Amino acid sequence: MLRIIIALALCLAWPTAGSAQDTAAVRVTSDVSYEYLARWDVERLNKILTVDTPKFAGITVSYTPARNAVRLYRVTYASVVPERGNKPISATGLLAVPEISDTNLPMVSYQHGTVYGKQEVPSFPEQSPETQLMIAQFAGQGYLVIGADYFGMGTSSEPEGYMVKGSHQQATYDMLRASRAVLNDMHLTATRLSIAGWSQGGFVTMAYLEKLESAGVPVAAAATASAPVDVFVALNGFLSFPRSNDASWVNSLFILSAFAFENYYAVPGLARSVISDSSYEVARKAYMREPFNVAEVPTDLHKLLKPEYFDAQYFAASAYGRLVAQTQAYRWIIKTPVRNYYGETDEAISTGLGRLAMTYQQAIGAGNTKVEAVSTGPTSHRGTFATAVPQWKAWFDKP
């Protein structure tokens, strides 16, 4: 009888779609608020799994069908930028809540990959196919799903902090804190935390795990797909040992990181020292999300970058190279079970990089076996993500 009463109370608590309550921001603490975005029903969620994701990823994968509808909320929270002396800022992220009677639910924190639109992030889920898959596969199966937009993305007024490790850690950590405050306001509890991310989000997930472990926050499991856990390894590979299948869009990795490092680490002129004179202005516009002609951005790195960066010793010794070398997320004694999924034909992440965290952990002393590298077979960058997600789900489901 008590369970029935609780279920009825929860049903009555859900705001009616289209009412004023739906869009009004609710402040739960002095620095955390949330607003209702939408309700996605089971039919919408299953369409994401069977139609939208195969179209996005270019591969058909079998997913567990959604069982319940999901309510989506944008969370706005206060944070700080560690690289700028803890400058106070406002950030945003997504909270997806299953429409079920249970009040104690497992949680997945999802860290998104590289995107080119400022709003192609979790709290604008209509614009984020990867977030849609996580909502459909996890929230549609009774999980709470959260995802930070990262600094400079979503509604943030900051420049993008692309691959800036401390800021990524802060954004995700504070999003978790804010989400728990919102859940408390909703009379819901996250019982078990798992974290996951793809591509850039794979790096962010590992950096986030490092911060969570340092803070003593229990994490049940951490999973990544196509994670560049060592950005120096990734970029050096494109410069010194290019592969025939390297993606044409790797140019964006250099552009976004060069400008982000200049802004966040306060190194005036850094991007200009990296980007060729002929490409600098269009690259700047791309980073700032100003209008630009995509065709003007060279896909040939020899045209995009200054020629000296193809000298491995110069790259390593340069101001940019030294900052890139600090951008890693695997060199600590990892205590949480981790699975790094990698594709054997991934056009952005080599198999060696996909297996690097496991190799490093196993090389420590007698070998740390907490980290496992898992192949998804001959999959592309997007295909690796699409293939890994149901495997994440099966692993996270285990008690």
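Being a predicted model, the structure only gives us computed values, none of them experimental. (Residues numbered from 1 in each chain as written. Predicted model: local features only at pLDDT ≥ 70, side-chain atom pairs only at ≥ 80, totals over all residues. Heavy atoms only, no water.)

**Thoughts on the overall build of the protein chain**
Short version of the rule: Numbering of helices and strands runs from the N terminus, with a helix taken as a DSSP run of H or I at least four residues long and a strand as a DSSP run of E at least two residues long. We compute the radius of gyration over the C-alpha atoms and compare it with the globule rule, which gives 2.2 Å times the number of residues raised to the power 0.38. Per-residue accessibility, obtained with a 1.4 Å probe over protein chains only, is compared with the maximum for each type, and a residue is labelled buried under 20%, exposed over 50%, and partly exposed between these values. Contacts between residues were defined by any pair of non-hydrogen atoms, one from each residue, lying within 4.5 Å. Here the open area of atoms and residues is found with the Shrake-Rupley method and a 1.4 Å probe, where only the protein chains shown may cover a residue. Just so you know, the count uses Lys and Arg for positive and Asp and Glu for negative, and it drops His and the chain ends. We put the charge of a Lys on NZ, of an Arg on CZ, of an Asp on CG and of a Glu on CD.
Check the secondary structure of the protein chain and you find 16 helices and 10 strands. Relative to the globule expectation of 21 Å for 399 residues, the C-alpha radius of gyration of the protein chain, 21 Å, shows essentially globular dimensions. Projected onto its principal axes, the C-alpha coordinates of the protein chain cover approximately 70 × 45 × 40 Å. A total of 399 residues make up the protein chain; the buried ones form 57% of that total. Considering only intrachain contacts with a sequence separation of at least 6, the fraction spanning at least 24 residues in the protein chain is 78%. Looking at the protein chain as shown, the accessible area adds up to about 16,100 Å², and 55% of this sits on carbon and sulfur atoms. Here the protein chain holds 33 positive side-chain charges and 34 negative ones, and the gap between their average locations is 4 Å.

**Things to note about the side chain of Thr 205**
For Thr 205, the position within the fold is in helix α6 (residues 200–215). If near-sequence neighbours (up to four positions away) are discounted, Thr 205 is found in contact with Gln 111, Ile 195, Ala 196, Gly 197, Ala 223 and Thr 224.

**A look at helix α8 (residues 251–264)**
Threshold: The length a helix should cover is 1.5 Å for every residue beyond the first.
With 14 residues, α8 should cover 20 Å at 1.5 Å per step; its first-to-last C-alpha distance of 20 Å lies within 8% of that length. Counting buried positions along α8 gives 13 out of 14 residues, so the element sits mostly inside the fold. Positive backbone phi, at 55°, marks Ala 266, one or two positions downstream of α8.

**Quick word on the pairing of strand β8 (residues 221–225)**
Basically, it comes down to this: Any two strands with at least two DSSP bridges between them are considered paired. By the criterion used throughout, a crossover qualifies as right-handed when its path from the first strand across the helix to the second strand runs clockwise, the strands pointing away from the viewer.
With 5 of 5 residues buried, β8 lies mostly within the body of the structure. In this structure, strand β7 (residues 189–198) lies alongside β8, joined through 5 bridges in parallel fashion. By the bridge assignment for β8, Trp 198 is matched with Ala 225. In this fold, β7 hands off to α6, which returns the chain to β8; that crossover is right-handed. Of the strand pairs in this sheet, β8 and strand β9 (residues 338–342) are connected by 4 bridges, and their pairing is parallel. What sits directly across from Ala 223, in β9, is Arg 339.

**Section: the pairing of strand β5 (residues 104–111)**
Most of β5 is tucked away: 7 of the 8 residues are buried. The pairing of β5 with β7 spans 7 bridges and is classified as parallel. Bridge assignment links Ser 109 to a residue of β7, and that residue is Ile 195. Sheet topology note: the β5/strand β6 (residues 144–148) ladder contains 3 bridges and is parallel. Note on β6: the bridge partner recorded for Val 108 is Val 145.

**Some details on the environment of Asp 311**
Note on placement: Asp 311 falls in the loop between α11 (301–304) and α12 (312–317). Counting along the chain gives 245 residues from Asp 311 to Ala 66, while the straight-line C-alpha distance between them is 51 Å.

**Comments concerning the environment of Pro 98**
Mapped onto the elements of the fold, Pro 98 is located in strand β4 (residues 87–98). Given the relative accessible area of 1%, Pro 98 is considered buried. Between the alpha carbons of Pro 98 and Gly 140 there is a distance of 6.4 Å; along the sequence they are 42 residues apart.

**Description of the sheet that holds β7**
We apply this condition: Each axis is a line fitted through C-alpha atoms, and for a helix only the stretch in contact is used; angles between axes span 0 to 180 degrees, taken between their N-to-C directions.
Pairing is mixed across the open sheet formed by 10 strands, whose spatial order is β1-β2-β3-β4-β6-β5-β7-β8-β9-β10. Strand pairing shows two members of the sheet lacking a second neighbour, β1 (26–29) and β10 (371–375), which therefore form its edges. The average angle at which neighbouring strand axes cross in this sheet is 25°, direction not considered.

**Brief notes about unusual backbone geometry**
The phi dihedral of Ser 199 is positive, around 60°, even though this residue is not glycine. Within the secondary structure layout, Ser 199 lies in the loop between β7 and α6. Overall, Ser 199 belongs to the buried group, its relative accessible area being 11%. Backbone geometry at Ser 226 places phi at a positive 50°, although glycine is not the residue there. Relative to the elements of secondary structure, Ser 226 occurs in the loop between β8 and α7 (231–240).

**Some words on the nonpolar core**
To keep things clear, this is the line we draw: The term nonpolar core refers to a set of buried residues drawn from Ala, Val, Leu, Ile, Met, Phe, Trp, Tyr and Cys, joined through side-chain atoms within 4.5 Å.
Membership of the largest hydrophobic core comes to 97 residues, with the highest contact counts inside it found for Val 75, Tyr 77, Leu 95, Leu 235, Ile 275, Leu 305 and Tyr 320. Per-element tally for this core: the top contributor is α8, with 9 residues. Among all residues touching Ile 275, those that are not within four sequence positions of it are Ile 255, Phe 259, Tyr 280, Ala 283, Leu 304, Leu 305 and Lys 306. In this structure, Tyr 63, Tyr 110, Tyr 143 and Val 389 belong to the second largest nonpolar core, which totals 37 residues.

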